[in-house]
Amino acid sequence: MAGGIATSRSVRKPAPADIGRPTSEPAAVRWLLIGIAVLFLTLIVLLPLITVFVEGLKRGWEVYLSALIDPDAVSALKLTLLVAAIAVPLNTVFGIAASWLIAKFSFRGKSLLLSLIDLPFSVSPVIAGFMFLLLFGAQGYLGPWLDERGLQVVFAPPGIVLATMFVTFPFVARELIPLMQAQGIQEEEAAATLGAKGFRIFWSVTLPNIKWGLLYGLVLCNARAMGEFGAVSVVSGHIRGETNTLPLHVEILYNEYQFSASFAAASLLMLLALLTLGAKSLVEWKTAQRNQDLEG
Amino acid sequence: MSKRNSLSKWPVLLLTASLALGLTACGSGNNAANSAGSGGAANAPAENTAANAGATEAPAPKDPVELLNVSYDPTRELYVSFNAAFAKYWKDKTGQEVTVKQSHGGSGKQSLSVIGGLKADVVTLALGYDIDAIAEKGLLNKDWKGKFEDNSAPYTSTIVFLVRKGNPKGIKDWSDLVKDGVQVITPNPKTSGGARWNYLAAWGYAQKQDGGDEAKTKEFIKKLFQNVPVLDSGARGSTTTFTERGIGDVLLAWENEAFLSQKELGDKFEIVYPSLSILAEPPVAVVDKVVDSKGTREVAEEYLKYLYTDEGQKIAADNFYRPINPDIAAQYKDTFKDLELLQIDKDFGGWAEAQKKHFADGGTFDEIYTPGSK
Amino acid sequence: MKGSRSRSVLPGFGLTMGITVLYLGIIVLIPLGCIFLKTSDLSWGEFWTTVTAPRVMASYRISLLTSLAAALVNLLFGLIVAWVLVRYRFPGRKLLDSLVDLPFALPTAVAGVALTAIYAPNGWIGQWLEPLGLKVAFTPLGITIALIFIGLPFIVRTVQPVLEDLDKEIEEAAVMLGAGRWRTVLRVVLPELTPALLTGFALAFARGIGEYGSVVFISGNMPMKTEIAPLLIMTKLESFELEQATAIAVVLLVMSFAMLLVINYIQWRASRRALAE
């Protein structure tokens, strides 16, 4: 039964080929809007992107490639991936729990909680890093205690992971909350009335409805986790080949007057982001296909 | 129904994956902490030995040792060459393998990191002030400056002008910088160590011209900064603004960075030496607390001493730092032009004094931009 | 807290509340508490002089105004982008879609350098704007552009899933009832999107206030004119005035938090009204 609800819900998803129906705009308006969107994205996003590749390739492919296979770059890449692999799943679990709480229940202090969840977005990244230094640094509140036990948090991978988690903390939750709020709770209530248990309701009723939002959240969280610079820069210690993430590596190359290598490393980060986006599109496409198989 | 099943696998996978990752996170976190802190844990006995260091004889084949050199931005190439040379020297001398890890960043920020617990065996920063800050927290001895020769500064640099090819505005000296229509590029002295040297050099010049009339000196500095259209946060940002963006007629830069940008960006620019500049002494120090707990004092001290040898001095000179050894300097006298240099201790009463007077809140630099202080 | 929640048949309140509060506490609240604790090393008078110094005040103004402008621009164009991506099919749509996330992936410093290269007087776009008397790089306008770049994904990505999930049946019904397209969008679609738009706006705005890496390259950092508040924090940190740095950070934090609180409260009120209906 619960499955039935899920299926009927997904059928209602707007079909891509709706153009021309009364619920769409005249062609002129459509193309105007597309034109605006393309122009806007070109000016704000595409041009900087091209700049990065142009600068990266200024000295030719050889410099570009050697910048990518430089051992320091490789270890920075590894660390970046490791950090994302820890921070993103943890934030996802939190995000799902928080959005369920906020969208499905009504309780006092909800706005406050929601604002607290948003807070990391508004904390200047530099301060985000600095507060972990205040907490875990040698002069920090917990630093001496950790030091006695030979534990190093800041200037080591755990500190980098913590700073990244803080910065990317709200992404999944923020993606899911408006979505789940827009969907209301009727379907879940129906399932509950029919005797379905908690996790089952979530898996069979809620998740199919939020999967795109969740996917967006994951992709964004991941992109931001890999690209974070300010906060990580404070807690990293910049030890080459050890605590340098890819964005830090980019900055260091830049400061060393290795302009092209620096942009080459930056382009690598963007390729990573495009890769995650590619993965997202693949999932979308596969699911759409399976749905068609099921419905056809 | 099959669809529901396939969908319901999703979160299970996700949850398992994240849990697994979470666990490895803790695991790897601990590992990393252990290996990073191996100085602390594994060398706990070494700490004891360090206490009666002199008594212990050096056992013949020693374990490989690792040093961390926390430095500022454009010194990487210098230390890449230097570390290789030192590793060879140390191996020949003691038979011990030494790897020196490097960390580079803004000088002030690096200093903050060391204070915050970055386990640096040695620091090689841009300003004595940044090392003083570390000393203040008790991580190293307050008289660190006397530990090595020449104020613990094994190489020096100075502030020069970088102008566009052919020097179209005819900039020769500091007095040309305050002329109308001349745009000067310098980073913000508040965020950039290098820019503080720029500021002090200009101040020193003006002071000399005005015969110590401070009101006049302030006027000069104010005029100079009115000619500054962009205050980047760091030296590299300023260089980009000047060279790539084409803004400004003259860039105030460290001599070694001016050489570097010439090397990197071709001969579109010329270096101009003003009549008077300042002696920039990037100092080095051993972080006592760290080397004592890691048991690396001997090799760390030797590392810094090696900077003073002919070999070390040559490497510094090849990377555009002025060697302090007169013999080596003589070999490079075509590269480094002789000019009159002010000294921070003699002419400005030391960094603490200069910092307070010029760059702290309400200092002379703030006055330039405070409304109503005209 | 538990007592005041409305009777719901749904399970998981305790569990999700537990996870949320615990995780929030460890990752966000305790570390942020340190900032406040550090600031409390200052006396009230010192705090007040630090955070109301003329240069600091000017930097708040610049940070707030440019963030606001950027968030507003993003609100409009972000909505258009999201709409186009969800509703229309055209060649290159996927590419456009993937562009939206790049501002997150690109390290902010690189973004700053790249944007400055484009909008500087000798840049690809800057050179065309210069003769028109329009200076972008090293002016507040440049800061705004950097913040538009930083904030764009917030709006697009919060609106997009809601838009995708929106029932077309309602729109069809509106049309059948005789409403024109424009009216349908304005009266039926837009209200549905409002919570997401507000959220996106708030997030982009808040993020703009704190942004540092990309802005310092394009802003020129002239005191009183284009110096942003996070730069002042950095300045204080670099000169080891940690307490003053955290003091300014606290002010920024309180401002952002107040704004988030207001917007979330408005939304909460709106959703309650919707439920009551």
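Quantities reported herein were computed from a predicted structural model and do not represent experimental measurements.

(A) Looking closely at the overall build of chain C. Across its full length, chain C carries 13 helices and zero strands. The linear arrangement of helices and strands in chain C, starting from the amino end, is α-α-α-α-α-α-α-α-α-α-α-α-α. If one aligns the C-alpha atoms of chain C with their principal axes, the spans along those axes are about 65 × 60 × 30 Å. Expressed as a percentage of the 277 residues in chain C, the buried residues total 63%. When the accessible surface of chain C is totalled, it reaches about 10700 Å², and 69% of it is carbon and sulfur. Charged side chains in chain C number 22 positive and 18 negative. The centres of these two groups are separated by 6 Å.

(B) Up close: the sheet that holds strand 9 (residues 284–286) of chain B. All names here are of chain B. Pairing is mixed in the open sheet, where four strands are placed in the order 2-1-3-9. Strands at the two margins of the open sheet, each flanked by one partner only, are strand 2 (98–105) and strand 9. Strand-to-strand, the axes of this sheet are offset by a mean angle of 20°, without reference to chain direction. As defined by bridge partners, strand 3 (residues 122–124) adjoins strand 9 across three bridges and the pair is classed as antiparallel. Following the sheet pairing, Val122 is matched in strand 9 by Val286. Contacts from helix 4 (residues 76–94) reach strand 1 (65–72), strand 2, strand 3 and strand 9, with the element oriented near 165° to strand 2.

(C) How the structure looks around the pattern of salt bridges. All names here are of chain B. Tallied over the entire structure, the rule returns 32 salt bridges over all chains. Residues Asp176 and Lys179 are paired through a salt bridge, measuring 2.7 Å at the closest nitrogen-oxygen approach. Here Asp176 falls in the buried class, since its relative accessible area comes to 10%. Judged by relative accessible area, which is 44%, Lys179 ranks as partly exposed. Shared partners join several salt bridges into a network, and the residues in it are Lys147, Asp288, Asp292, Arg297 and Glu301.

(D) Broad picture of the side chain of Arg240(A). With respect to the helices, strands and loops of the structure, Arg240(A) is situated in the loop between helix 12 (230–236) and helix 13 (246–255). Among residues more than four places away in sequence, those in contact with Arg240(A) are Asp72(A), Ile252(A), Glu256(A), Arg76(B), Gln102(B) and His104(B).

(E) Looking closely at the packing of aromatic side chains. With the rule as written, the count across this model stands at 43 aromatic pairs over all chains. Measuring from centroid to centroid gives 5.7 Å for Phe107(A) and Phe13(C), while their planes differ by 70°, and the two rings are edge-to-face. Note that Phe107(A) is positioned in the loop between helix 4 (71–104) and helix 5 (110–122) and Phe13(C) in helix 1 (residues 13–39), a pairing that runs across two chains. Grouping residues by exposure puts Phe107(A) and Phe13(C) together as buried. Members of the aromatic cluster, joined through ring pairs, are Tyr79(B), Phe82(B), Phe86(B), Tyr89(B), Trp90(B), Tyr303(B) and Tyr306(B). It is Arg164(B) that lies over the ring of Phe242(B); its NZ or CZ is 4.2 Å from the centre. Against the face of Phe359(B) rests Arg196(B), its NZ or CZ located 5.9 Å from the ring centre.

(F) Structural view of the domain arrangement of chain B. All names here are of chain B. You can read the domains of chain B as domain 1 (65–153 + 282–308) and domain 2 (157–277 + 338–368). Between the C-alpha centres of domain 1 and domain 2 there is a distance of 28 Å. In this complex, domain 1 contributes ten residues to the contact, which on the side of domain 2 involves eleven residues. Carbon and sulfur atoms supply 61% of the area buried between domain 1 and domain 2, which totals about 870 Å² over both sides. Considering only the side of domain 1, the residues that lose the most area to domain 2 are Pro74, Leu127 and Tyr129, jointly responsible for 56% of the buried surface there. Remark: the boundary between domain 1 and domain 2 carries one salt bridge. Of the charged contacts in the structure, one is a salt bridge between Asp345 and Lys145, with a shortest N-O distance of 3.6 Å. Seen at the junction of domain 1 and domain 2, the total is zero residue pairs in polar contact (both at pLDDT 80 or more). Grouping the amino acids of the side of domain 1 that touches domain 2 by side-chain chemistry returns six nonpolar, two polar and two charged.

(G) Layout of the pairing of strand 8 (residues 276–280) of chain B. Residue and element names in this part refer to chain B. Of all five residues making up strand 8, five are buried, and the element is well covered by its neighbours. Bridging between strand 4 (residues 155–164) and strand 8 involves two bridges; their strand directions are antiparallel. Paired with Thr158 across the strands is Leu279, a residue of strand 8.

(H) Layout of the UniProt feature "domain: ABC transmembrane type-1" (unreviewed entry) in chain C. In this structure's numbering, the residues bearing the UniProt feature "domain: ABC transmembrane type-1" (unreviewed entry) are residues 60–263 of chain C. For residues 60–263 of chain C, the end-to-end C-alpha separation is 20 Å, with 77% helix and 0% strand making up the annotated structure.

(I) Main features of the packing of helix 4 of chain A against helix 13 of chain A. All names here are of chain A. Their axes nearest at 8 Å, the elements helix 4 and helix 13 cross at an angle of 145°. Within the contact between the two elements, helix 4 uses Asp72, Ala73, Ala76, Leu77 and Thr80 and helix 13 uses Leu246, Pro247 and His249. Its residues placed into classes, the contact of helix 4 with helix 13 shows five nonpolar, two polar and one charged.

(J) Region of the structure containing the nonpolar core. If you look at the biggest cluster of nonpolar residues, it comprises 314 residues, and the most contacted ones within it are Phe166(A), Val123(B), Trp174(B) and Phe225(B). Val123(B) has contacts with Asn69(B), Val70(B), Val114(B), Ile131(B), Ile134(B), Pro283(B), Val284(B), Ala285(B) and Val287(B), leaving out every residue within four places of it along the chain.

Parameters and conventions
Residues numbered from 1 in each chain as written. Chains lettered and ligands numbered in written order. Predicted model: local features only at pLDDT ≥ 70, side-chain atom pairs only at ≥ 80, totals over all residues. Heavy atoms only, no water. Helix = DSSP H or I, 4+ residues; strand = E, 2+ residues; numbered from the N terminus. Buried < 20%, exposed > 50% of the residue type's maximum accessible area, 1.4 Å probe, protein only. Areas by Shrake-Rupley, 256 points an atom, 1.4 Å probe, with all protein chains shown as cover. Lys, Arg positive; Asp, Glu negative; His and termini not counted. Charge placed at Lys NZ, Arg CZ, Asp CG, Glu CD. Pairing = 2+ DSSP bridges. Axes fitted to C-alpha atoms, helices over the stretch in contact; angles between N-to-C directions. Contact = heavy atoms within 4.5 Å. Salt bridge = Lys/Arg side-chain N within 4 Å of Asp/Glu carboxyl O. Phe/Tyr/Trp six-rings, centres within 6.5 Å; stacked < 30°, edge-to-face > 60°. Lys NZ or Arg CZ within 6 Å of the ring centre and 35° of its normal. Domains from an automatic or database assignment. Buried area = accessible area lost by both parts, 1.4 Å probe. Polar contact = N/O pair within 3.5 Å; in protein donor to acceptor, adjacent residues only side chain to side chain. Nonpolar A, V, L, I, M, F, W, Y, C, P; charged D, E, K, R; others polar. UniProt positions renumbered as here; feature names shortened; annotations may be inferred. Core = buried A, V, L, I, M, F, W, Y, C linked by side-chain atoms within 4.5 Å.

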